[in-house]
Amino acid sequence: MADGLQLSKEEKQDMLNLLKKNHLFQGIDDAQIAEVANRFTTITLKAEERLFSQGDVGDSFYIIFRGSVRVVREDARAKETLAMLVSGDYFGEEALLYQRKRSATIIA
């Protein structure tokens, strides 16, 4: 996993456009969205790389800029894919807001 990658000017604009479309940022003007975007850290994952595991402590919220992830829940009997998330989708808010452990594993 590579953290803190620098985005090109075009990629930054693409990210702003993605945030503007997201319902979480409705009612926020362009300058405020730009300020929010400047606080993001870019993380790149390789295919099948795990971002975090079910049961981990949650300290971050994620928005998918490009690509997709699988949401997987495991128990003693089985491993089940709950969802596929794609560009514009977000996750991790529940553990962050409610100080809960991660309820699922996220795999690129």
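Residues numbered from 1 in each chain as written. Predicted model: local features only at pLDDT ≥ 70, side-chain atom pairs only at ≥ 80, totals over all residues. Heavy atoms only, no water.

Asker: Explanation requested: the packing of aromatic side chains in the structure shown.
Answerer: Any two aromatic rings considered together are summarised by their centre-to-centre distance and by the angle between their planes. Under the defined criterion, the tally for this structure stands at 4 aromatic pairs. Ring centres 6.1 Å apart and planes at 50° place the aromatic pair F52 and F91 in the tilted group. Residue F52 is found in strand β3 (residues 50–52), and its partner F91 is found in strand β7 (residues 90–91); the two are separated by 39 residues along the sequence. No difference in accessibility class separates F52 from F91, as the two residues are buried. Residues F61 and Y90 carry aromatic rings whose centres are separated by 5.7 Å and whose planes lie at 45° to one another, so their mutual orientation is tilted. In this pair, F61 sits in the loop between β3 and β4 (62–63) while Y90 sits in strand β7, placing the two residues 29 residues apart along the sequence. Aromatic ring contacts, followed pair by pair, group F52, Y62 and F91 into a single cluster. The ring of F52 has R102 sitting right over it, with the charged end atom 4.0 Å from the ring centre. (Phe/Tyr/Trp six-rings, centres within 6.5 Å; stacked < 30°, edge-to-face > 60°. Helix = DSSP H or I, 4+ residues; strand = E, 2+ residues; numbered from the N terminus. Buried < 20%, exposed > 50% of the residue type's maximum accessible area, 1.4 Å probe, protein only. Lys NZ or Arg CZ within 6 Å of the ring centre and 35° of its normal.)

Asker: I tried to follow the environment of V36 on my own but got confused; where do I start?
Answerer: Along the polypeptide, V36 turns up in helix α2 (residues 30–38). V36 sits 17 residues away from L19 along the chain, and the two C-alpha atoms are 9.2 Å apart.

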